[in-house]
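# Observations on chain architecture
Listed below are the residues making up each chain.
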Amino acid sequence: MYAVRERWEVDKLKRRWMTLACAAALAAGLILPAGAAGSRFADVPAGAWYAEAVEAAAEKGYMTGVDGTHFAPEGTVTRATVVTVLWRMAGSPAASASAGFSDAAAGAWYAGAVDWAAQAGIAGGDGQGRFRPDDNVTRQELAVLVARYDESQGTPMAEGALNLFSDAAQISDWATDGVAHAVGMGWLEGAGGKIDPQGTASRAQLAAILERMSTPAMG
């Protein structure tokens with residue numbers, strides 16, 4: 001009888017220890033709760049609206065993290081980043097010549113993408129011999145760049161209904177066609193009836209646009 005009781009007490013302690021160990025591992029992020037999808041990035045929650053897009057962009061090699069474990073979804077997007085991801089989508093083609101921008105050295109991680117983007121008519125310089133690779137990109141600038149990419153691939157420009165957005169008047173004249181295309185293709189979406197053309201694009205937004213560009217339209 002005592003032996004049976006002793007085994008019961010041991011089993012009880014084992015169960016209690018396992019419960020505590022699992023709780024500690026769950027709190028530390030070492031294991032995921034049932035039904036949760038894992039992410040390669042510690043700062044991309046499984047339930048975030050951009051989680052699947054980030055995972056897809058990383059899996060396809062279009063975007064990488066800012067380090068081995070972080071994506072920085074709310075981080076800003078630069079001109080160098082945009083032309084690089086578009087260049088990767090195009091298959092990383094080599095340009096026939098250097099664009100010759102003074103601030104895009106041949107050894108820079110984005111150099112090949114900049115040369116390709118300039119040659120393809122996707123992104124130019126500032127008129128003073130500079131590409132300005134580290135400049136942040138607004139939502140309308142991002143729309144123009146992806147629209148030019150699409151045009152370079154032989155896709156006719158779409159005519160999205162910009163009058164659906166209450167802040168459509170804030171879209172710059174030079175960006176109207178690009179924003180209309182991005183809206184018409186379903187790549188650029190608004191929120192609260194606004195398109196926010198002058199707002200700075202985030203890395204999460206870029207990943208979402210890349211996913212939409214890579215997903216065949218249903219119809």
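Residues numbered from 1 in each chain as written. Predicted model: local features only at pLDDT ≥ 70, side-chain atom pairs only at ≥ 80, totals over all residues. Heavy atoms only, no water.

### Points about the environment of serine 166
The criterion, for reference: A helix here means a DSSP run of H or I that spans at least four residues, while a strand means a run of E at least two residues long, and both kinds are numbered starting from the N terminus. Exposure classes here rest on a 1.4 Å probe applied to the protein chains alone. A residue is buried below 20% of its type maximum, exposed above 50%, and partly exposed in between. By definition, residues are in contact when any of their heavy atoms lie within 4.5 Å.
Secondary-structure assignment places serine 166 in the loop between α5 (139-152) and α6 (176-184). Under the relative-accessibility criterion, serine 166 is labelled exposed at 59%. The spacing of serine 166 and glycine 192 is 26 residues in sequence and 9.1 Å in space, taken between C-alpha atoms. Those residues in contact with serine 166 that lie beyond four places of it in its chain are Gly193 and Lys194.

### Thoughts on the pattern of salt bridges
Where side chains of opposite charge bring their charged atoms close, a pairing between them can arise. Here is the rule we go by: Salt bridges are defined as contacts in which a side-chain nitrogen from Lys or Arg sits within 4 Å of a carboxyl oxygen from Asp or Glu.
For the structure shown, the criterion picks out five salt bridges. We note a salt bridge from arginine 132 to aspartate 126, for which the minimum N-O separation is 3.6 Å. Classification of arginine 132 as partly exposed rests on a relative accessible area of 34%.

### Focus on the environment of tryptophan 49
Positionally, tryptophan 49 belongs in the loop between α1 (2-28) and α2 (51-59). Using a relative accessible area of 56% as the deciding quantity, one classes tryptophan 49 as exposed. When the C-alpha positions of tryptophan 49 and alanine 208 are compared, they lie 8.9 Å apart, and in sequence the two are 159 residues distant. The residues contacting tryptophan 49, other than those within four sequence positions of it, are Ala204, Gln205 and Ala208.

### Some thoughts on the packing of α5 against α6
Which entries qualify depends on this criterion: The convention used is that axes are lines fitted to C-alpha atoms, helices contributing only their stretch in contact, and that angles between N-to-C directions extend from 0 to 180 degrees. What sets the label is the angle itself: under 35 degrees gives roughly parallel, over 145 gives roughly antiparallel, 65 to 115 gives roughly perpendicular, and the rest give oblique. Side-chain classes are defined by residue name, with Ala, Val, Leu, Ile, Met, Phe, Trp, Tyr, Cys and Pro counting as nonpolar, Asp, Glu, Lys and Arg as charged, and the others, Gly among them, as polar.
Interhelical geometry of α5 versus α6 gives an angle of 75° and a closest axis separation of 8 Å. With respect to α6, the axis of α5 lies roughly perpendicular. On α6, the residues touching Gln140, Ala143, Val144, Ala147 and Asp150 of α5 are Gly178, Val179, His181 and Ala182. Here the residues of the contact of α5 with α6 sort into five nonpolar, three polar and one charged.

Any link to function would need more than the numbers given here.
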